[in-house]
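Analysis of the macromolecular model
The residues making up each chain are set out below.
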Amino acid sequence: MEFDFVPAVAPLVVIVAVATVALTSVMTPSTVFMMVLPSMIVFSVIAFFFGMKHGEFQASP
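Report on the accompanying structure.

Regarding the packing of helix α1 (residues 5-24) against helix α2 (residues 29-59)
At their nearest, the axes of α1 and α2 sit 10 Å apart, and the two run at 155° to each other. Looking at the two axes, α1 sits roughly antiparallel to α2. The handedness of the crossing between α1 and α2 comes out as right-handed. Mapping the contact onto sequence places Ala8, Val9, Leu12, Val16, Ala19, Thr20, Leu23 and Thr24 in α1 and Pro29, Val32, Phe33, Val36, Leu37, Met40, Ile41, Ser44 and Phe48 in α2. Per-class residue counts for the contact of α1 with α2 are 14 nonpolar, three polar and no charged.

Quick notes on the pattern of salt bridges
Within this structure, the stated rule accounts for one salt bridge. Between Lys53 and Glu56 there is a salt bridge, with its nearest N and O atoms 3.3 Å apart. Here Lys53 pairs with Glu56, and both are found in helix α2, just three residues apart, close to one helical turn.

A word on the packing of aromatic side chains
Centre-to-centre distance and the angle between the planes together describe a pair of aromatic rings. Taken as a whole, this structure holds one aromatic pair when the rule is applied. Look at Phe49 and Phe50: their rings are 5.8 Å apart centre to centre, the planes differ by 55°, and that puts the pair in the tilted class. On the basis of relative accessibility, which here comes to 41%, the residue Phe49 falls in the partly exposed class. Residue Phe50 is classed as exposed on the basis of its relative accessible area, which comes to 53%.

Reading guide: rules and limits
Residue positions are counted from 1 within each chain, in the order its sequence is given. The predicted nature of this model means local features are confined to residues of pLDDT at least 70 and side-chain atom pairs, given and counted, to a pLDDT of 80 or more, with totals for whole chains, interfaces and linings taken over all residues. Calculated side-chain values reflect all of the structure's heavy atoms, with hydrogen atoms and water omitted. Geometry is summarised by axes, namely lines fitted to C-alpha atoms with helices restricted to the contacting stretch, and by angles between N-to-C directions that run from 0 to 180 degrees. Helix and strand definitions here come from DSSP, where helices need a minimum of 4 consecutive H or I residues and strands a minimum of 2 consecutive E residues; each element is numbered from the N-terminal end. Orientation is classified from the angle alone, with under 35 degrees giving roughly parallel, over 145 giving roughly antiparallel, 65 to 115 giving roughly perpendicular, and any other angle giving oblique. Crossing chirality is assigned from the near helix's rotation relative to the far helix, an anticlockwise turn below a right angle marking it left-handed and a clockwise turn marking it right-handed. The contact rule is simple, with two residues in contact once any of their heavy atoms fall within 4.5 Å. Here the term charged refers only to Asp, Glu, Lys and Arg, the term nonpolar to Ala, Val, Leu, Ile, Met, Phe, Trp, Tyr, Cys and Pro, and the term polar to all other amino acids, Gly among them. Should a side-chain nitrogen of Lys or Arg be within 4 Å of a carboxyl oxygen of Asp or Glu, the pair is scored as a salt bridge. In this scheme Phe, Tyr and Trp rings, the latter by its six-membered ring, pair at centre separations within 6.5 Å, and the angle between planes marks the pair as stacked below 30 degrees, edge-to-face above 60, and tilted otherwise. Only protein chains enter the area calculation, which uses a 1.4 Å probe; residues under 20% of their type maximum are buried, those over 50% are exposed, and those in between are partly exposed.

Here's what the structure looks like:
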C-alpha cells in the first residue's frame, strides 16, 4: 500500500476549514485566527503524524 499525500491531507484541511468557519460565527474572527486556528493546525499535524505511524506499524508484518 502506498501513501498518497493529497488524498490523505484533503479531508484534514476540509475539517479544519469547516471548523474555522463555524467558530467565527461563535467567537470574534481575530480570536479564532490568532489563537484557535494555529492550535487546530498543530494538533491536526501531530494527530496525522501519529496516525500515519500507527498505520505503518499495523501494516508491517
